[in-house]
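# Survey of secondary and tertiary structure
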Amino acid sequence: MRMLVTGGAGFIGSHVVDAYVAAGHEVLVVDTFATGDPNNVNRAAECRHVDIRGPELEAVFAAFRPEVVNHHAAQASVPISVNDPVADASINVLGTINLLQLSARYGARKFIFASTGGAIYGDPAEVPCTEDAPPLPLSPYAAAKAAAEVYVAMFHRTYELDFTILRYGNVYGPRMHFRAQEGLLVAIFASKMLRSEPVTIDWNGEQSRDFVYVEDCAAANVAALEHGSGGVYNIGTGLGTTVNRIFELLAAITNYRLEPGRGPKRQGDVFRIYLDASRAARDLGWRPTVALEEGLRRTADFFRSRP
Ligand SMILES: NC(=O)c1ccc[n+]([C@@H]2O[C@H](COP(=O)([O-])OP(=O)(O)OC[C@H]3O[C@@H](n4cnc5c(N)ncnc54)[C@H](O)[C@@H]3O)[C@@H](O)[C@H]2O)c1
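Residues numbered from 1 in each chain as written. Predicted model: local features only at pLDDT ≥ 70, side-chain atom pairs only at ≥ 80, totals over all residues. Heavy atoms only, no water.

Moving on: the layout of surface pockets. Each pocket or cavity is described by its volume, and for the second largest pocket that value is around 310 Å³. In terms of lining residues, the second largest pocket is bounded by 16 residues, among which Phe178, Ser191, Phe302, Phe303 and Arg306 are the most central. When contributions to the lining of the second largest pocket are tallied by element, the ones reaching two or more residues are helix H6 (185–194) and helix H10 (292–304). Within the lining of the second largest pocket, the residues separate by chemical class into 6 nonpolar, 5 polar and 5 charged. (1 Å grid on protein atoms, 1.4 Å probe; cavity = no way out; pocket = protein on both sides within 12 Å on 5 of 7 lines; lining within 4 Å. Points joined across faces, edges and corners; volume = space filled by probe spheres on them. Helix = DSSP H or I, 4+ residues; strand = E, 2+ residues; numbered from the N terminus. Nonpolar A, V, L, I, M, F, W, Y, C, P; charged D, E, K, R; others polar.)

In this structure, Arg65 sits in the loop between helix H2 (57–64) and strand S4 (68–71). Expressed as a C-alpha distance, the spacing of Arg65 and Tyr151, which sit 86 residues apart in the sequence, is 21 Å. Each residue touching Arg65, except ones within four places of it in the same chain, is listed here: Arg2, Val60 and Tyr106. Only 3.3 Å separates the side chain of Arg65 from the backbone oxygen of Ala62, close enough to count as a polar contact. (Contact = heavy atoms within 4.5 Å. Polar contact = N/O pair within 3.5 Å; in protein donor to acceptor, adjacent residues only side chain to side chain.)

This next bit is on the packing of helix H1 (residues 11–22) against helix H7 (residues 214–223). Pairs of packed helices are described in terms of their axes, by the angle between the two and the distance that separates them. Running from amino to carboxyl end, H1 crosses H7 at an angle of 55°, the nearest separation of the two axes being 8 Å. Taken as axis vectors, H1 and H7 run oblique relative to one another. Considering how the two elements wind past one another, H1 and H7 form a crossing that is right-handed. Of H7, the residues touching H1 (which contributes Phe11, Ile12, His15, Val16, Ala19 and Tyr20) are Val214, Glu215, Cys217, Ala218, Asn221 and Val222. (Axes fitted to C-alpha atoms, helices over the stretch in contact; angles between N-to-C directions. Parallel < 35°, antiparallel > 145°, perpendicular 65-115°, else oblique. Left-handed = near helix turned anticlockwise from the far one by under 90°.)

What follows is about the side chain of Ser115. Its location among the elements puts Ser115 in strand S5 (residues 110–116). A relative accessible area of 3% means that Ser115 is categorised as buried. Setting aside anything within four residues of it in sequence, one finds Ser115 in contact with Ile120, Lys145, Glu149, Ile165, Leu166, Arg167 and Tyr168. (Buried < 20%, exposed > 50% of the residue type's maximum accessible area, 1.4 Å probe, protein only.)

Distances and angles like these do not, on their own, reveal function.
This is the structure we're talking about:
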């Protein structure tokens, strides 16, 4: 099949591209490299420097005629969304609408959308949280993802564009990017620990998350090619792990000896979330396969091998 993968030079998207290429599909990546890296893109895939909001995207659709559009391009940082909600919505809402419109216009069969189970439910009353819990975003990022989901479902009803929405937990693994303030937790901890630099734990460290390994997420995107029509799926492990526990596990893996510093709560952060993914098991045949300690070891190996 011909697949258009937006954000395919990014952390998760590049693993999705690898999985699609391995399954024998023809893949075209669209990315601005805002946070992604062209070196992440599988050599068997084509790659275009195009903004999902821009008018040049139409020529890409007209020439490539994707059968499936897999949408991972985003402004993916909660702190950045708190600082500039308009810029966040421009990419995460308007960019998604532009893609949906072109997908319908050029006859794509299906739209697979990377959403967030880690943020869309806010702090749910019950955990593990099912897809039936209402979206109660605490950050502009989560609100934009919730809005985009509404558009995805509307395009299905009105334009018959099939979809699957995948709501990921906290994804971690090789190619996560490290940025001091807005980076992803495991990437910040692992890369600092390997350099024996001080690590700061925000809030009290007892906030818990559902850490899901990136290759497991990529496998969900493969399953969504044939299954999960019109469905919304949590993609997580069903287990909550505290930030303090992640610190301990990574400190052991990297032989880190320093005590953590303590920082304030960050605006927009959720305290406790983990996801019930039994619907994905039932409909997509998807289950997480990589245990947390093994995944953290592989992630630390990735940062160890970087200059
Ligand atoms: N990392 C997580 O834990 C997590 C959890 C839930 C959902 N998600 C979602 O998964 C997707 C991928 O996240 P990620 O962690 O790999 O982030 P990422 O920043 O590595 O990937 C996003 C990609 O989109 C590209 N991009 C940004 N703006 C663009 C634009 N206007 N046009 C084209 N490309 C653009 C970036 O260059 C990057 O390659 C995002 O939609 C994110 O919201 C991530």
